[in-house]
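Reading the structure
Read off the chains here:
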Amino acid sequence: MIHHSLEPPERTVNMVNAIINGVPVQVEQGTTILDAGHKVHVKIPTLCKHPDLDATAACGICIVRIKNTPKMLRACCTPIEDGMDITTEDPEIIQVRRSVLELILSKHPNQCLTCGRNQNCELQTLAADFNLVWDGLDNIVPQLPTDTSTLSIKLDPKKCITCGRCIQVCQEIQNVWALSFLQRGIETRIAPAGDINLADSPCVRCGQCSAHCPTGAIVEYDETEAVWSKLLDPHAYCVAQIAPAVRVAIGEAFGFEPGTNLTGKIYAALRRMGFKAVFDTNFGADLTIVEEASEFVERFTKGKSVLPLITSCCPAWVDFMEKFHGDMIPHFSTCKSPHAMVGALAKTYYAQKMKLNPAKIFMVSIMPCTAKKFEICRSKEMQASGFQDVDVSLTTRELARMIKQSGIDFITVPDDQPDHILGAYTGAGTIFGATGGVMEAALRTAYNLITGSNPPRFEFEVVRGLQGVKEGEINIVGTKVRVAVAHGLGNVEYVINKVREAKDKGAEMPYHFIEVMACPGGCVGGGGQPYGVTDVLRKARAKGLYHEDGSGLWRCSHQNPYVQQLYADFLEKPLSHKSESLLHTGYTNRPAYQK
Amino acid sequence: MTHTSVVDDVAVIAKRWNNTRGSLIMALHDLQSRHGYVPRESAMKLAKYMDVPLARIYEVLTFYNYFKLKPPGKHVVSVCMGTACYLKGAPGIYHDITKHLGIKSGETTPNGEFHLQIVRCIGCCGLAPVVTINEQLLAKMNPHDAVEHICQIKEGAEK
Ligand code: SF4
Ligand code: SF4
Ligand code: SF4
Ligand code: FES
C-alpha cells in the first residue's frame, strides 16, 4: 500500500488460469492464492497476514492443497500458477488448521470476557469458527508484564501470537523501530529493544500496532472510567468534542456501512450521556487553517522565517519530528492541533461567554488517535488556559463502547446539533480527517489571503488519495506553490531528505508547504479507529468526509461565521498576541535512539 | 581503561566490521569478548556507527543465547540441553541447579558469584549429560553431583 514512487512502473500484465474448489478463476500473474480466492468468493482463513502488509507466512492457518502435489501450501504467500487445481477446504486441511489454533491457544490466556478485543478479535473468531474446546489443552501462559507506560497504548505480550504484524507496521510502515521480537522459539515475545518500557523507546504512540494486531496484545489505553466518573460528578461541567475522522468510522462498530457520516447521532449520544456542551473539532480545524494559512502567507509573501512550512496537527508526527528530525523545527508550524485549540478556548472564551468557572470544565476529546492521549500533557503549552486544556482524550473505539454501555440506541437515535460557538464548521474542517485534507483546506484559505477571493475550484485533486507521497504545484494567479503530502511515517524521509539536500546545497527549496500525517490514510486510518482497517475502509471513510465537504454551504475555513465571531470578540486577529498564547506551541529537540 | 577509550572501542569494532556480510554478529561478538557481555551503551553506539536500528541489534542479541546482556557472574554454570543431554536427564539437572542457586537461565545470583545458562549442544554428546563450570567440563552428570560441584566452589570461596 505504501509507495515512494510517484508513477507506477510500466508493466505488461500476464493472466493465469486456475481452479479453486472446482471454480475456474483468471487472475493477474503474481496474485496469491489467497487473493485469487476472494475473486471466486472463497474465504481462506488468515491470522498473520494483514492486507496492508507483506506476507510473513508465520502462522500456517491459510494452508491449501494443490492437486498432484504432496505438500500443503500457504495461500497468503504463494502466487497462483497457471493450471493449478486448488482445494481450500477438506477434512484434513481443517484438521491442520485446528492444530495451528490449538498450538496458539496452548500458550494463550483464556481471558476473552475481560479482554479489550472481546467480540472483536481475529483469534477468538477463528477459535469459534473452528469450534475449539479448551478441555485437554495443557495451557501454559508465559508470565510477561503488561506495559502501559506510554499512557496511549497497552501492551499485553501474554496475548501475543507472534504473528509479527505490529513489528512490521512499526518498523516498515512507520519506520520507528520501537517494537521488535526478542528471543526465539517458544520464548519469542514482542518488546522494545532490550526490555525497556515502551515510553523509553522511540515509540511515537501512533497506535498503528494496535490497529494491526489481530488480538488483544496491543490495545488503546482505556480511559473511559475516568470519563464516567466525571460525568457522574455533580460539580463537573463535562464538555466534549469530536474529531473529523470519528464521524465516518464509528458506525462500523454499530453495523453501518463504512464511511457513513454519523455526526448528528454522535452529538445526540454525547448529550444523552451527560455532556453539557458538545463541540466539534472541525471548528478547531477551521481555526487551525486560518492561523496556519496566515502563518504560511506571512512566510511565503513576506519572506519571514523559513519555508517550507510543515504542518503540526498530528501529535505522533510532532513526536517523530522531535525525535528524529529535530533540524526541521524551524519549519514547523507553531499551530497546536485542532482539538488542543478547542480545549484552550473552551476554558477561556467559552467559559467567559457562559460565565462558567473554567476550573469546573472537564474537556473530553473524542479522537481517531492514541497519540492524542499523550499530546494533551506533552508540554506546558497544553495548559494555555491556566488549566489542562483537554482533560481526557478518548479513541473512537472507547466512545463506541461508552455508547453501548449507556443504553443509547445509536442506530435510531435522532440527530442533534453541536454548540455552535465552538462547533460550527466548514467543509475545509471536515476534510482534515483524510490525508491531504489539511493541505487542501490551507490552500483554499491561502488562495483567499493572497488574492482576496476564493479559488475558482475548491478541489485540489493532486493532494487527495492514498499514494504514500503526493507532490504538486498549485498555481495561485501566477504564483507557483509547490506542495508535498506524506502519510505513514515511513514516507516522511523521502520528503524531508529532499528539503535537507536543498538546504545543504543552498539550492531552491523543493516545496513551500508540506503536510504529514503519521497514520496511513491520515486520521481516517488512525490508531484509535474501529479495528480491521484496510485501504478499502480508508477510502470509504475518506469518501464520507469529502462527500460532506462537497455538499456543504461553506468550503473555506475563513468563511466560518463562528470563527469570524471568535476573532471579533476575543482573539482580535490571526497570529495576534492572544492567538499566539492560546493556539500556538513550541518544539524541543528530543533525540531518541533508533539507529 | 578510560571512558574515551571505551567509546573508541566501539568505533574501532564498527569500522572493522562495517561493509562485511554478517558483520553485525561479528561486531557483537567482539563487544562481548571485550566486556564479557554486551553493555547497552555499547550496543547503542554500535547502532549509530553501523547504521542498524537498535531494535534489530537486540533481536540478534536475544536470538542467540550466547550473548549476555548483563555482566556475567564470576562462575559461569552452563547446562547443555542439546538433544543427547536432554534425553539423558539435563532437565532434571537444570531444575535442581535453579533451585539451589535461586536463579533461572540467563540470570546471575545477587552476590555476582554464579551465572546460570542453558546452552545448545556443545559437541561432546558421548559424555552426556554435560555441565560446564567455567572451563571445567563435567561429564555424565546427575542432579546431585552437579549441585555438589557448585557447593564445592562456594565452600572454596568461603575459605
Ligand atoms: S486476545 Fe482474543 S482470544 Fe485472546 S483473550 Fe483477548 S479476545 Fe480472547
Ligand atoms: S502483538 Fe499482536 S500484532 Fe504483534 S506479534 Fe503479537 S499478536 Fe501479532
Ligand atoms: S504506537 Fe506506533 S510507534 Fe509506538 S510501538 Fe506502536 S506502531 Fe510503533
Ligand atoms: S495467514 Fe498465511 S501463514 Fe499466516
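Keep in mind that this is a model prediction, so the values were computed, not measured.

Attention now moves to the overall build of chain A. Within chain A one finds 18 helices and 17 strands. Relative to a compact globule of 595 residues, whose C-alpha radius of gyration would be 25 Å, chain A shows 25 Å and is just as compact. Reported as C-alpha extents along the three principal axes, the dimensions of chain A are approximately 75 × 60 × 50 Å. Counting across all 595 residues of chain A, residues that qualify as buried make up 59%. Nonlocal contacts in chain A, meaning residues at least 24 apart in sequence, comprise 73% of its contacts between residues at least 6 apart. For chain A, the accessible surface area stands at approximately 23300 Å², while carbon and sulfur atoms represent 53% of it. Both charge centroids of chain A, one from 60 positive and one from 64 negative side chains, sit 2 Å from each other.

When its secondary structure is counted, chain B shows seven helices and four strands. Helices (α) and strands (β) of chain B occur, in sequence order from the N terminus, as α-α-α-α-β-α-α-β-β-β-α. Here the C-alpha coordinates of chain B stretch approximately 50 × 35 × 20 Å along the principal axes. Out of the 159 residues in chain B, the part that is buried amounts to 44%. Taking all contacts inside chain B whose residues are at least 6 apart in sequence as the whole, residues at least 24 apart take part in 58%. Between the mean site of the 18 positive side-chain charges and the mean site of the 14 negative ones, chain B shows a separation of 6 Å.

Lining the immediate environment of ligand 3, one finds Ile153(A), Cys170(A), Val176(A), Ala178(A), Leu179(A), Cys203(A), Val204(A), Arg205(A), Cys206(A), Gly207(A) and Cys209(A). Of the residues that constitute the shell around ligand 3, the class distribution is nine nonpolar, one polar and one charged.

Another aspect to go through is the interface of chain B and chain A. Taken residue by residue, the interface counts 15 residues in chain B and 14 residues in chain A. Here chain B packs against chain A, burying approximately 1400 Å² in sum over the two surfaces, 62% of which is carbon and sulfur. For the interface between chain B and chain A, the tally reads zero salt bridges. The interface formed by chain B and chain A contains four residue pairs in polar contact (both at pLDDT 80 or more). Those elements that place two or more of their residues in the side of chain B that touches chain A are α3 (40-50) and α4 (54-63) of chain B. In terms of residue count, the dominant contributor to the side of chain B that touches chain A is α4(B) (seven residues). Of the residues that constitute the side of chain B that touches chain A, the class distribution is eight nonpolar, two polar and five charged.

Our next topic: helix α16 (residues 535-551) of chain A. With 17 residues, α16(A) extends 24 Å from end C-alpha to end C-alpha; this agrees with the ideal 24 Å at 1.5 Å per step. For α16(A), the secondary structure elements touched by its buried residues are α5 (208-212), α7 (263-273), α8 (281-302), α13 (427-430) and α14 (437-451) of chain A.

Empty space within the largest pocket amounts to approximately 1500 Å³. What lines the largest pocket is a set of 41 residues, among which Gln183(A), Glu187(A), Arg189(A), Ser105(B) and Gly106(B) lie closest to the centre. Contributions of two or more residues to the lining of the largest pocket are made by β8 (189-191) of chain A together with α4 and β2 (114-119) of chain B. Looking at the lining of the largest pocket element by element, the count peaks at four residues for α4(B). Each pocket or cavity is described by its volume, and for the second largest pocket that value is around 1200 Å³. If you go around the second largest pocket, you meet 41 residues; those closest to its centre are Thr46(A), Lys49(A), His50(A), Pro51(A) and Thr534(A).

All right, on to the environment of Ser365(A) then. All names here are of chain A. Mapped onto the elements of the fold, serine 365 is located in strand β13 (residues 361-367). C-alpha of serine 365 to C-alpha of isoleucine 173: the two residues are 192 residues apart in sequence and 27 Å apart in space. Setting aside chain neighbours within four positions, we find serine 365 in contact with Gln241, His339, Val390, Val392, Ser393 and Leu394. At a separation of 3.1 Å, a polar atom in the side chain of serine 365 contacts the side chain of glutamine 241.

Here we come to empty space enclosed by the protein. All names here are of chain A. Within this structure, the stated rule accounts for six cavities of 30 Å³ or more. Taken as a whole, the largest cavity spans an internal volume of roughly 140 Å³. Lining the largest cavity are 16 residues, with Pro244, Pro338, Lys372, Phe432 and Cys523 positioned closest to its centre. Counting residues per element, the ones that place at least two in the lining of the largest cavity are α8 and α10 (338-354).

This part covers the confidence of the model for chain A. Caution applies to low-pLDDT regions: their predicted coordinates should not be interpreted in detail. Looking at chain A, pLDDT values average 94 and 97% of them are 70 or higher. In the predicted structure, residues 1-7 of chain A sits below a pLDDT of 50 and forms 19 contacts with residues beyond four places in sequence or in another chain.

In this section: the site of ligand 2. Contacts to ligand 2 come from 13 residues, most closely from Cys160(A), Cys163(A), Gly164(A), Cys166(A) and Cys213(A). Here the shell around ligand 2 is composed, by residue class, of nine nonpolar, three polar and one charged.

Residue and element names in this part refer to chain A. Spatial strand order, β12-β17-β16-β15: four strands in an open sheet with mixed pairing. In this open sheet, the two strands that pair with only one neighbour each are β12 (309-310) and β15 (469-476). Here two bridges tie β12 to strand β17 (residues 513-517), and the two strands are oriented parallel to one another. When the sheet's bridge partners are listed, leucine 309 is paired in β17 with phenylalanine 513. Against the sheet, helix α15 (residues 492-505) engages β12, β15, β16 (479-487) and β17, with an angle of about 50° to β15.

Conventions we followed
- Counting from 1, residues in each chain are numbered in the order their sequence is written.
- Labels follow written order: the first chain is A, the first ligand is 1, and so on.
- Two thresholds apply to this predicted model, a pLDDT of at least 70 for residue-level local features and 80 or more for giving and counting side-chain atom pairs, whereas whole-chain, interface and lining totals are computed over all residues.
- Based on all heavy atoms of the structure, the side-chain values leave hydrogens and waters out of the count.
- The helix count covers DSSP runs of H or I at least four residues long, the strand count covers runs of E at least two residues long, and both are numbered beginning at the N terminus.
- Radius of gyration here is computed from C-alpha atoms only, and the compact-globule reference equals 2.2 Å multiplied by the residue count raised to the power 0.38.
- Here's how the labels work: a residue is buried when its accessible area is under 20% of the maximum for its type, exposed when over 50%, partly exposed in between, all with a 1.4 Å probe on protein chains only.
- What makes two residues a contact is simply this: any of their non-hydrogen atoms within 4.5 Å.
- Using a 1.4 Å probe, the Shrake-Rupley method yields the accessible areas, and only the shown protein chains count as cover for residues.
- Charge assignment: positive for Lys and Arg, negative for Asp and Glu; neither His nor the chain ends contribute.
- One atom stands in for each charge, and that atom is NZ of Lys, CZ of Arg, CG of Asp or CD of Glu.
- One heavy atom within 4 Å of a molecule or strand makes the whole residue count as near it.
- Ten residues, namely Ala, Val, Leu, Ile, Met, Phe, Trp, Tyr, Cys and Pro, are considered nonpolar, four, namely Asp, Glu, Lys and Arg, are considered charged, and the remaining ones, Gly among them, are considered polar.
- Once two parts are put together, the accessible area they lose, assessed with a 1.4 Å probe and summed over both, is termed the buried area.
- Salt bridges are identified by distance alone: a Lys or Arg side-chain nitrogen within 4 Å of an Asp or Glu carboxyl oxygen.
- The term polar contact refers here to a pair of N or O atoms within 3.5 Å; inside protein, the definition further demands a hydrogen-donor-capable atom paired with an acceptor-capable atom, and it admits residues adjacent in sequence only when both atoms are side-chain atoms.
- To estimate how far a helix should extend, the number of its residues minus one is multiplied by 1.5 Å.
- The distinction between a cavity and a pocket rests on a 1 Å grid over the protein atoms alone: a 1.4 Å probe fits inside a cavity but cannot get out, while a pocket stays open yet meets protein on both sides within 12 Å along at least five of seven lines, and a residue with an atom within 4 Å of a point counts as lining.
- Grid points are joined across faces, edges and corners, and a volume is the space filled by probe spheres set on the points.
- Per residue, pLDDT captures the predictor's confidence, and it can take any value from 0 to 100.
- Should DSSP find at least two bridges between two strands, the strands are regarded as paired.
- Think of each axis as a best-fit line through the C-alpha atoms, taken over the contacting stretch in the case of a helix, with angles from 0 to 180 degrees between the N-to-C directions.

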